[in-house]
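Secondary and tertiary structure notes
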Amino acid sequence: MKKSKTLVHGGDWAGFEEAHGYRPLDFSANISPLGMPEKVQRAIVESLADADRYPDPLCRELTGELAAFEAVAREHILCGNGAADLLFRLALSLRPEKALVPAPSFLEYEAALDTVRCGVRRYLLAEESGFKLDDGFIEAITEETDVVFLCQPNNPTGVTDGRALLEKVLARCRQKGAILVIDECFNDFLDQPKAHTMKGFLCENPHLVILKSFTKLYAMAGVRLGYCLCSDEGLLEKMRRAGQPWGVSDMAQKAGVAALQEREYVQSVRALVRRERRWLMKRLAGLGFSVLPGEANYLLFRSFLALECAMREKGILIRNCANYHGLGEGWYRVAVRTHAENLRLAGTLEAVLEAFSEEAHEKAAHEANGKFPHSGHGWF
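Residues numbered from 1 in each chain as written. Predicted model: local features only at pLDDT ≥ 70, side-chain atom pairs only at ≥ 80, totals over all residues. Heavy atoms only, no water.

A word on the pattern of salt bridges
According to the stated counting rule, one finds 18 salt bridges in the structure shown. In this structure, aspartate 56 and arginine 60 form a salt bridge, with 2.6 Å as the shortest nitrogen-oxygen distance. When its relative accessible area of 48% is taken as the criterion, arginine 60 is described as partly exposed. One salt bridge in this structure joins arginine 302 and glutamate 127, with 3.3 Å as the shortest N-O distance. A residue pair is termed long-range when its members are at least 10 positions apart, and arginine 302 in strand 10 (residues 298-302) and glutamate 127 in the loop between strand 4 (119-124) and helix 6 (135-139) qualify at 175 residues. Sharing partners across several salt bridges, the network here consists of Glu70, Asp188, Lys199, Lys212 and Arg270. (Salt bridge = Lys/Arg side-chain N within 4 Å of Asp/Glu carboxyl O. Buried < 20%, exposed > 50% of the residue type's maximum accessible area, 1.4 Å probe, protein only. Helix = DSSP H or I, 4+ residues; strand = E, 2+ residues; numbered from the N terminus.)

Right, here's the structure in full:
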């Protein structure tokens, strides 16, 4: 019998479709609920006319547009086949021996570090403080630390850490000679993304690397496009050489250029997520779940009942976060989607909880009948 492969991420719609014959409603991947913008779709179609030639390995047009969009020098930008591609390129370029990561946080950091056999020290974030960073994390950065990873807002918690604390982390890394990697892939979903990004510190801090992606905000997960910002041009060159020369397709480059023009789309996404996040948080809490006050386009909550399989049977995927270090069984993450989809999620969760309650009631009644027999069952 062929053994099925276990995936550590959400978004396995293909596995569901293969097993059930239809596509699920996917709340396990945090993608823009408005779908890919029409102009981006048209750019992809139009790019097919040039599919017979190699893509530009330096992504010149896209890098130029990104430089204007991010207000950074184009020499400080490197594009890749999604942010994950850049993570692995970074690990291969640095080949660190000791890394510091908070837990829980995005699993791909450790996956990339594992390829170069880097030792990872996890700093456990406390549930009591909302899984926020504290001064202990700063003290954990020592002379032995080669690289530090942070996710802002954090995945899967959805919370951010104060600018003052991030600046302390940045200064500590500079003092101890460590590279600081800040993943800002979900920063654009924040209510005030410009107030939280650390890109304003790039020029004075060549040890700072910021990761960005088109995947989430523009619903371009299947296109694969991301980029990083860093003023250390030597490091960026090492990262460029660490991967294949044509890592970003022409289709992805054209899609990225088109996406950067979608200002109204971005505002619509933010407004929708802001509104629906509040509604969904309240609804989940009303169902009895312990919900973290997330700031991005997803929410982390705790349940004392196993939900993943029951929801899957009803055609809805949610992210089981049991494999996140620092969480364990009972933690789940759901994306914030359209109101109609969020209504379906909440309604299905309510039905699942009711089914669990009925099952528990029937089990208790069955056990009671076994322990306390009564007339009519042949006992005397």
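Still to come is the rest of the account.
Description of helix 11 (residues 263-286)
The end-to-end C-alpha distance of helix 11, which contains 24 residues, comes to 35 Å, matching closely the 34 Å that a straight helix rising 1.5 Å per residue would cover. Taken residue by residue, helix 11 has Tyr265, Val266, Val269, Arg270, Leu272, Val273, Glu276, Arg277, Leu280 and Leu284 as its buried positions. (Expected span 1.5 Å × (residues − 1).)

A look at unusual backbone geometry
The residue after glutamine 152, namely proline 153, is reached through a cis peptide bond having omega -5 degrees. Position of proline 153 among the secondary structure elements: in the loop between strand 5 (147-151) and helix 7 (163-176). Of note, the amide linkage connecting asparagine 155 to proline 156 takes the cis form, showing an omega dihedral of 25 degrees. Mapped onto the fold, proline 156 is located in the loop between strand 5 and helix 7. Of note, cysteine 59 is a non-glycine position whose phi angle comes to about 50 degrees, a positive value. For cysteine 59, the position within the fold is in the loop between helix 2 (38-47) and helix 3 (60-70). Residue cysteine 59 is classed as buried on the basis of its relative accessible area, which comes to 4%. The phi torsion at arginine 117 lies on the positive side, around 55 degrees, for a residue other than glycine. Here arginine 117 lies in the loop between helix 5 (108-114) and strand 4. Take arginine 117: its relative accessible area is 79%, and that puts it in the exposed class.

Quick notes on the pairing of strand 13 (residues 331-335)
For strand 13, the buried fraction is high: five of the five residues fall into the buried class. Burial along strand 13 is two-sided: the residues Trp331, Arg333 and Ala335 and Tyr332 and Val334 are all buried. Across five bridges, strand 10 lies against strand 13 in antiparallel orientation. Across the sheet, the residue bridging to leucine 299 is valine 334, located in strand 13. (Pairing = 2+ DSSP bridges.)

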